[in-house]
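# Per-entry structural report
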Amino acid sequence: MLPKQEVVAMLLAGGRGSRLGVLTKNLAKPAVPFGGKYRIIDFPLSNCVNSGIETVGVLTQYQPLELNEYIGSGQPWDLDSMNAGVHILPPYEQSSGSDWYKGTANAIYQNIPFIDRYNPDYVVVLSGDHIYKMDYSKMIAFHKEHNASCTIAVYEVPMEEASRFGILNTNPDGSIYEFDEKPKVPKSNKASMGIYVFTWSKLRDYLIADEKDPNSSNDFGKNVLPTMLNAGERMFAYRFDGYWKDVGTIDSLWESNMDMLHPKAGLDLSSEDWKIYSRNPVVPPQYIAKGSKVQNSLVAEGCNVYGDLEFSILFQGVYVAPGAEVLDSIVMPGAVIEEGAKVQYAIVAENAVVGKNAVIGMRPEDMENRDDWGVAVVGPDCKIPEGTVVAPKEMVEAEEVQA
Amino acid sequence: MLGNNVLGILFAYVHEERVRDLTELRVMASVPYGGRYRLVDFALSNMVNSGLNKVGIITEANYQSLMDHLGSGKAWDLSRKREGLYLLPPFGKSTSRTDGKIESLDSIRRFIKNSMEKYVILSDCDTVCNIDYREALDQHIQTGADITIIYRHGDSPDVERNTIYTLDPSGRVIEMLIHRGSERDVNYGMGMYIVEREKLLDLVESCMSRNEYDLDRDLMRVIREMKVMGYEFTGTAYQITSFSAYFDANMALMEPKIRAELFNPNRPIYTKVRDDMPAKYGLESNVSNSLIADGCVIDGEVENCVLFRGVKIGKGAKVRNCVIMQDSVIGENSRLDYVVADKNVEVEANRTLMGYQTYPVFIAKDSKV
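Residues numbered from 1 in each chain as written. Chains lettered and ligands numbered in written order. Predicted model: local features only at pLDDT ≥ 70, side-chain atom pairs only at ≥ 80, totals over all residues. Heavy atoms only, no water.

## Observations regarding the packing of aromatic side chains
Rules: Whether two aromatic rings pair depends on their centres lying within 6.5 Å, for rings of Phe, Tyr and Trp, where Trp uses its six-membered ring; planes under 30 degrees apart make the pair stacked, over 60 edge-to-face, and the rest tilted. Starting at the N terminus, helices and strands are each numbered in turn, a helix being any DSSP run of H or I of at least four residues and a strand any DSSP run of E of at least two. Throughout, exposure labels follow a simple rule: accessible area from a 1.4 Å probe, protein chains only, divided by the maximum for the residue type, with under 20% read as buried, over 50% as exposed, and the rest as partly exposed.
Counted by the stated rule, this structure contains 26 aromatic pairs over all chains. Aromatic side chains A:F198 and A:F220 sit 5.4 Å apart centroid to centroid with 25 degrees between the ring planes, which places their arrangement in the stacked category. You can see A:F198 sitting in strand β13 (residues 190-199) and its partner A:F220 sitting in helix α7 (residues 220-230), a full 22 residues away along the chain. The exposure class of A:F198 is buried, given its relative accessible area of 0%. Taking 5.9 Å as the distance between ring centres and 55 degrees as the angle between the ring planes, the aromatic pair formed by B:F247 and B:Y338 counts as tilted. With B:F247 in helix α9 (residues 243-251) and B:Y338 in the loop between β24 (335-337) and β25 (339-341), this pair connects stretches of sequence that are 91 residues apart.

This is the structure we're talking about:
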């Protein structure tokens with residue numbers, strides 16, 4: 001028996017993230033690079049550590065290789081302690097048979113033995129595709145204070161956008177009386193952030209009951225939470241009002257990266273009191289050459305910049321050749337932008353090569369039809385031949401180009 | 001696999017007096033270099049990359065910053081159950097000699113004795129280079145040498161004491177001289193030696209009994225009795241022999257070829273992680289020919305500079321030919337030329353500080369200008 005942990009966090013990192021297209025073809029969504037040196041999962045992991053949560057289970061399923069390697073022993077997040085720490089939890093074979101994780105609730109259900117080892121009072125369920133800084137300990141305190149069975153973090157979205165979200169309708173005391181999934185006529189603007197605090201003894205029973213129900217799709221949002229509400233459990237909404245962004249789509253991933261360039265966007269990566277930790281590469285500092293122009297950009301170590309950068313984010317080890325231009329773009333680790341190439345409003349994925357004089361993406365103001373505009377994406381390891389034009393919204397894969 | 005039979009010993013303090021400004025508050029080994037490193041990172045990474053997994057670091061005084069930097073040795077993969085990193089602070093007899101390497105080795109005799117490795121590599125921490133010791137070790141074994149001295153060929157640095165070697169055609173050291181000042185076209189020592197552990201113990205004991213404390217000098221006596229061989233290191237190396245040598249060694253990093261050699265991806269230079277955000281360039285930033293570390297925030301002009309982690313350059317500031325260390329802040333509209341600012345320096349707005357290429361101005365740690 002391990003020493004008791006008051007709180008165990010379970011991070012759902014198994015989703016495919018199919019809306020991120022080529023970026024997640026061989027990579028789990030939480031492992032997608034973000035903000036110049038991070039990966040998306042660094043945010044929930046760092047939040048856990050900074051909130052004092054010592055035990056984190058990471059539920060993986062889709063393309064886990066790189067994610068597993070990245071998390072490793074958990075040492076970069078201080079999650080390599082003796083009796084707690086981070087644990088990768090893939091689906092496994094049991095004597096009764098083996099199952100993939102059928103849904104979010106099933107993923108937790110399959111790991112009841114893992115959670116029971118710590119005998120926790122509370123379980124925090126997190127998702128691996130959000131960019132935000134949040135003190136979970138405050139949310140847990142709120143949960144305790146209200147003697148709740150379940151507390152759901154909510155974010156107030158503009159009323160006109162509320163119909164795109166899972167909306168929670170609450171009583172004046174903050175208790176939830178209704179779940180409204182993508183309502184046509186929203187009654188509230190409190191959108192669920194997919195961050196839950198459960199009293200473990202309660203959740204454990206509901207998970208077991210849910211698993212027995214053959215009609216259930218074993219999902220928190222669709223099944224477990226409504227069942228709990230119908231059974232009259234105390235469920236509360238916890239309001240969060242910092243920076244929060246779901247980066248599940250190419251556009252939102254691009255936008256959220258760009259937010260990091262704006263000091264007023266609300267998420268300060270430089271703050272000392274709530275650091276975002278990551279696995280640091282072993283590379284020398286970045287070199288900015290003579291004749292280059294670097295403005296309003298974030299550049300990571302190991303980069304060599306000979307060309308021009310504006311409103312862009314360069315991850316470690318990126319090379320920008322003389323005469324190349326990178327504008328309003330994200331260039332992921334190890335990518336090469338050759339002479340005279342122009343990358344604008346684009347995402348260039350890991351180890352891709354943009355050939356000489358190639359043009360990737362376009363500025364929205366240069367478009368004839370603004371509706372056709374979107375972020376252009378060059379997939380991982382993709383080699384764009386010299387002079388090629390990649391249109392806005394286009395997504396290029398490595399195989400496509402070789403053929 | 002071969003390298004695992006080698007014990008590493010680093011002298012953290014040697015040659016501190018050559019860069020007094022930088023070593024007033026720290027040992028030579030923890031002098032910051034190249035935007036994110038300390039000198040010890042090179043000495044230590046070279047050993048680790050050559051397969052060594054046990055390294056002892058001998059310190060004398062002022063080793064707090066070194067301890068802070070090294071921690072458990074995790075960053076160099078030296079935090080392990082079997083062997084790893086050993087910090088060896090002074091104990092036993094007190095000594096105030098600046099070059100008492102023999103005495104230092106004598107004071108850690110038990111550490112050397114209790115080690116199982118067959119060979120020992122000894123090195124100072126004043127040289128920036130990327131050396132693969134495995135080649136030198138192979139030569140040491142093949143030639144059946146008692147001691148192998150690693151040297152460079154060329155013009156020796158302009159220092160009080162240079163060790164100059166004369167080799168016969170087989171590579172055996174037949175003469176050894178201590179010289180003052182720079183000399184052209186000679187073989188000069190890098191302060192790196194390979195020796196069998198048992199022989200090192202004998203040597204230390206015989207030197208101690210003769211009241212000889214100086215490793216470089218007292219080896220002179222044994223070259224007749226022992227087989228002392230030379231191994232030439234032909235790669236790039238910067239010995240931090242003076243303040244201007246320190247400045248030049250930083251500026252040399254602007255050359256892509258030199259960076260590629262020193263930071264060879266197959267033999268990376270490890271250092272302590274700081275978890276800074278990437279460097280942030282503001283709307284009015286203008287950076288040219290500079291090495292910039294994580295966590296910098298640049299809103300002004302920067303030319304021919306090395307900026308360490310967390311440096312902030314204010315709007316309208318013009319910083320040229322400078323080495324600015326960790327967390328220093330240069331205020332708005334200030335102008336700096338040929339300045340080396342130690343850690344946590346604050347230069348207020350509208351200040352002007354000018355040095356000269358051969359004599360950069362030094363601003364001490366934590367000062368406010």
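That covers the picture; the talk isn't over yet.
## Considering the nonpolar core
One recurring pattern in soluble globular proteins: nonpolar side chains tend to sit buried together. Note the cut-off: Residues enter a nonpolar core if they are buried and are Ala, Val, Leu, Ile, Met, Phe, Trp, Tyr or Cys, with the set joined through side-chain atoms within 4.5 Å. Contacts were defined at the residue level, with two residues in contact if any of their heavy atoms lie within 4.5 Å.
Counting residues in each nonpolar core, the largest one holds 70 residues, and the members touching the most others are A:M134 and A:I347. Other than its neighbours up to four places away in sequence, A:I347 contacts A:L23, A:I250, A:L253, A:W254, A:I330, A:M332, A:V375, A:A376, A:V377 and A:V378. Listed in part, the 51 residues of the second largest apolar core include A:I288, A:I384, B:L307 and B:L353.

## Regarding the sheet that holds β25(B)
Neighbouring strands of a sheet are bound in pairs by backbone hydrogen bonds; such pairs are parallel or else antiparallel. Test applied: A pair of strands is considered paired only if DSSP assigns at least 2 bridges between the two.
Read from one edge to the other, the open sheet built from 11 strands follows the order β31(A)-β28(A)-β25(A)-β22(A)-β19(A)-β16(A)-β16(B)-β19(B)-β22(B)-β25(B)-β28(B), with strand pairing classed as mixed. Two strands close off the open sheet at either side, each with one partner strand: β31 (383-384) of chain A together with β28 (361-363) of chain B. Two strands pair when backbone bridges link them, and strand β16 (residues 286-288) of chain A and strand β19 (residues 304-305) of chain A are joined in this way by two bridges, in the parallel orientation. In the sheet register, A:Y287 faces β19(A), and the bridge partner there is A:N304.

## Digging into the sheet that holds strand β15 (residues 286-288) of chain B
Residue and element names in this part refer to chain B. Our working definition: Orientation is described by lines fitted to C-alpha atoms, with helices fitted over the stretch in contact, and by angles between N-to-C directions that extend from 0 to 180 degrees.
Taking strand neighbours across the sheet as the criterion, the five strands line up as β15-β18-β21-β24-β27 in an open arrangement whose pairing is parallel. The open sheet has two free edges, formed respectively by β15 and β27 (352-354), since each of these has just one partner strand. With direction set aside, neighbouring strand axes in the sheet form an average angle of 5 degrees. Sheet topology places β15 next to strand β18 (residues 301-303); three bridges connect them, and they run parallel. Its bridge partner lying in β18, V287 is registered against V302.

## Considering the pattern of salt bridges
So the rule is basically this: Note on definitions: salt bridges are taken to be side-chain nitrogens of Lys or Arg within 4 Å of carboxyl oxygens of Asp or Glu.
Going through the model one piece at a time under the given rule, you end up with 37 salt bridges over all chains. Across the pair A:E161 and A:R164 runs a salt bridge whose closest N-O atoms are separated by 3.3 Å. By relative accessible area, which is 33% here, A:E161 ends up partly exposed. According to the relative accessible area criterion, A:R164 is exposed, its value standing at 55%. In this structure, A:K245 engages A:D259 in a salt bridge whose closest nitrogen and oxygen atoms are separated by 3.7 Å. Here the residue A:K245 occupies a position in strand β15 (residues 244-246), and A:D259 occupies one in helix α8 (residues 250-259), the gap between them amounting to 14 residues. When its relative accessible area of 18% is taken as the criterion, A:D259 is described as buried. Here the residues in one salt-bridge network are B:E301, B:E303, B:K318 and B:R320, joined through shared partners.

## Topic: the pairing of strand β1 (residues 7-12) of chain A
All names here are of chain A. Within β1, six of the six residues are buried, leaving the element largely enclosed by the surrounding structure. Neither face of β1 is open: one carries V7, A9 and L11, the other V8, M10 and L12, and all of them are buried. In the sheet, β1 pairs with strand β8 (residues 122-127) via six bridges, with the strands oriented parallel. For L12, the partnering residue across the bridge sits in β8 and is S127.

## Describing the interface of chain A and chain B
We apply this condition: The term buried area means the drop in 1.4 Å probe accessible area that two parts suffer when joined, counted for both and summed. Pairs of N or O atoms are called polar contacts if they sit within 3.5 Å, as long as, within protein, a hydrogen donor faces a hydrogen acceptor (for residues adjacent in sequence, only side-chain-to-side-chain pairs). Residues are grouped as follows: nonpolar covers Ala, Val, Leu, Ile, Met, Phe, Trp, Tyr, Cys and Pro; charged covers Asp, Glu, Lys and Arg; every other residue, Gly included, is treated as polar.
At the junction of the two partners, chain A supplies 36 residues and chain B supplies 33 residues. Roughly 2,800 Å² is buried in total at the junction of chain A and chain B, and carbon and sulfur atoms are behind 51% of that figure. When the area that chain A buries against chain B is broken down by residue, the three leading residues are A:P285, A:Y287 and A:E301, summing to 20%. Viewed at the interface, chain B and chain A are joined by two salt bridges. B:D294 is paired through a salt bridge with A:K37; the nearest N and O atoms lie 3.5 Å apart. Run the count over chain A and chain B and you get 22 residue pairs in polar contact (both at pLDDT 80 or more). Every element with two or more residues in the side of chain A that touches chain B is listed here: β16, β17 (293-295) and β18 (297-299) of chain A. Its residues placed into classes, the side of chain A that touches chain B shows 19 nonpolar, 13 polar and four charged. Strand direction decides the pairing type here: β16(A) and strand β16 (residues 290-292) of chain B, joined by three bridges, are antiparallel. Its bridge partner lying in β16(B), A:Q286 is registered against B:I292.

## Brief notes about the side chain of B:S285
Looking at where B:S285 falls in the secondary structure, it is placed in the loop between β14 (279-281) and β15. Relative accessible area serves as the criterion here: at 1%, B:S285 is assigned to the buried category. Among the polar contacts listed, one links the side chain of B:S285 to the backbone oxygen of A:V294, at a separation of 2.6 Å. Ignoring any residue separated from it by four or fewer positions in sequence, one finds B:S285 in contact with A:V294, A:Q295, B:I298, B:D299 and B:G300.

## Things to note about the packing of helix α7 (residues 197-209) of chain B against helix α8 (residues 215-222) of chain B
Relative placement of two packed helices is described by the angle separating their axes and the distance separating the axes. Residue and element names in this part refer to chain B. For clarity, the cut-off: Should an angle fall under 35 degrees it is called roughly parallel, over 145 degrees roughly antiparallel, and 65 to 115 degrees roughly perpendicular, with every other angle called oblique.
Contact geometry for α7 and α8: axes closest at 11 Å, N-to-C directions at 95 degrees. Here α7 is positioned roughly perpendicular relative to α8, judged by the angle of their axes. Judged by residue contacts, L203, S206 and C207 of α7 engage D218, L219, R221 and V222 from α8.

## A word on the packing of helix α6 (residues 200-212) of chain A against α7(A)
Residues and elements named next belong to chain A. Selection rule: By definition, any crossing whose near helix is turned counterclockwise from its far helix by less than a right angle is left-handed, and any crossing with a clockwise turn is right-handed.
Contact geometry of α6 with α7 gives a least axis separation of 10 Å together with a crossing angle of 120 degrees. Between α6 and α7, the angle falls in the class oblique. As α6 runs across α7, the sense of the crossing is right-handed. For the pair α6 and α7, contact is made by L203, Y206, L207 and D210 and by F220, N223, V224, T227 and M228, respectively. Class assignment for the residues of the contact of α6 with α7 results in six nonpolar, two polar and one charged.

## Concerning unusual backbone geometry
Outside of glycine, negative phi angles account for most residues, and trans bonds account for most peptide bonds. Non-glycine residue B:N304 carries a positive phi angle of around 50 degrees. The residue B:N304 is located in the loop between β18 and β19 (306-307) in this model.

## Concerning the pairing of strand β1 (residues 6-11) of chain B
Residues and elements named next belong to chain B. Counting buried positions along β1 gives six out of six residues, so the element sits mostly inside the fold. Burial along β1 is two-sided: V6, G8 and L10 facing one way and L7, I9 and F11 facing the other are all buried. Judged from the six bridges that link them, β1 and strand β6 (residues 119-124) form a sheet pairing that is parallel. From the neighbouring strand, G8 faces β6, where its bridge partner is I121. Summarising the sheet, β1 and strand β4 (residues 54-58) pair through four bridges and their orientation is parallel. In the sheet register, L10 faces β4, and the bridge partner there is I57.

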